Amino acid sequence: ELVQMLTKYMDVTCYMPDQDIFQVGRPADLLMFVLSGEALVMDGTDEPRKLVQKSVYGEACVLGITPVHPLTVRATTLVVAQTVRRRYLLSCIERAEGQSEVFETLVKEVKITQATTERLHLRMKRMPCFREAQ
C-alpha cells in the first residue's frame, strides 16, 4: 500500500557521469532508488561504496535523522534514478495504515543506538512495505 501511494510522487531523474547527485553538507530531502547505472558514495576510503541498480540512498536524510548529506554521491556512469521528496514520503507514511508507528519506532531506534546508515538501509529493506517492491 505505501509503495503504491509513493509511485505517484516519484520523479525519474538522469545524472551524467561525474555529476554530483548529492553533495556533502547540502540540505537533504530526497530518497533515491537507482534504476540503472553506477554511482560512488565518496566516503574518503580507497574503495567507496557503489550504488548500482536497486540500490537505495538517502534513508537517514529523508527520515529526518540527518538534515544534510553526510557524503557526496557522484555518478560514474549515466545513472537513472527514481526519487521521492521527504514531504511526500512522510505524507504517504501518515496515510498508510499502521506505517506511521513503524517508521516512528525505526527512527527512535536509530537515534538511540546511533546505528549506521547501512544498518538503517538493511532495516528498511526488510520492512514488508519495501520488501514487496524489490
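For the structure given in this document, a descriptive report is provided here. Since we're looking at a predicted model, the values are computed, not measured.

## Details of the pattern of salt bridges
Piece 1. Scanning the entire structure with this criterion turns up 2 salt bridges.
Piece 2. A salt bridge links aspartate 20 to arginine 74; the nearest nitrogen and oxygen atoms lie 2.6 Å apart. One end of the pair, aspartate 20, is in strand β2 (residues 20-22); the other, arginine 74, is in strand β7 (residues 72-75), with 54 residues separating them in the sequence.
Piece 3. As a salt-bridge pair, arginine 85 and aspartate 29 come within 3.0 Å of each other at their nearest N and O atoms. A residue pair is termed long-range when its members are at least 10 positions apart, and arginine 85 in strand β8 (residues 79-85) and aspartate 29 in the loop between β2 and β3 (30-36) qualify at 56 residues.
Piece 4. By relative accessible area, which is 30% here, aspartate 29 ends up partly exposed.

## Comments concerning the sheet that holds β8
The pairing of strands in a sheet comes from backbone hydrogen bonds and takes either a parallel or an antiparallel form.
Piece 1. Read across the sheet, 4 strands follow the order β1-β8-β3-β6 without closing on themselves; strand pairing throughout is antiparallel. Edge positions in the sheet fall to β1 (11-15) and β6 (56-57), since each has one partner strand and no second.
Piece 2. Pairing of β3 with β8 involves 6 bridges; the strand directions are antiparallel. Residue methionine 32 lies in a different strand from β8, and its bridge partner there is threonine 83.
Piece 3. The strands touched by helix α3 (residues 86-95) within the sheet are β3 and β8, with β8 carrying the most contacts at an inclination of about 60°.

## Considering α3
Piece 1. Taken together, the buried positions of α3 are occupied by Leu89, Cys92 and Ile93. Buried residues along α3 cover an arc of 105° about the axis, so they all sit on one side. Of the exposed residues in α3, those oriented more than 90 degrees away from the buried face are Arg87 and Glu94.

## Side note on the pairing of β3
Each regular strand carries side chains that alternate between the two faces of the sheet.
Piece 1. Where burial is concerned, most of β3 is hidden: 5 out of the 7 residues are buried.
Piece 2. Across 2 bridges, the pairing between β3 and β6 is antiparallel. In the strand pairing of β6, phenylalanine 33 is matched with valine 56.

## Structural notes on unusual backbone geometry
Piece 1. Even without glycine at this site, aspartate 18 takes up a positive phi of about 75°.
Piece 2. Tracing the chain through its elements places aspartate 18 in the loop between β1 and β2.
Piece 3. Residue classification places aspartate 18 among the exposed residues on the basis of a relative accessible area of 64%.

## Considering the environment of leucine 106
Piece 1. Looking at where leucine 106 falls in the secondary structure, it is placed in helix α4 (residues 99-113).
Piece 2. Measuring from C-alpha to C-alpha, the distance between leucine 106 and leucine 63 comes to 9.5 Å, with 43 residues separating the pair along the chain.

How each quantity is defined
- Residues numbered from 1 in each chain as written.
- Predicted model: local features only at pLDDT ≥ 70, side-chain atom pairs only at ≥ 80, totals over all residues.
- Heavy atoms only, no water.
- Salt bridge = Lys/Arg side-chain N within 4 Å of Asp/Glu carboxyl O.
- Helix = DSSP H or I, 4+ residues; strand = E, 2+ residues; numbered from the N terminus.
- Buried < 20%, exposed > 50% of the residue type's maximum accessible area, 1.4 Å probe, protein only.
- Pairing = 2+ DSSP bridges.
- Contact = heavy atoms within 4.5 Å.
- Axes fitted to C-alpha atoms, helices over the stretch in contact; angles between N-to-C directions.
- Arc of directions from axis to C-beta.

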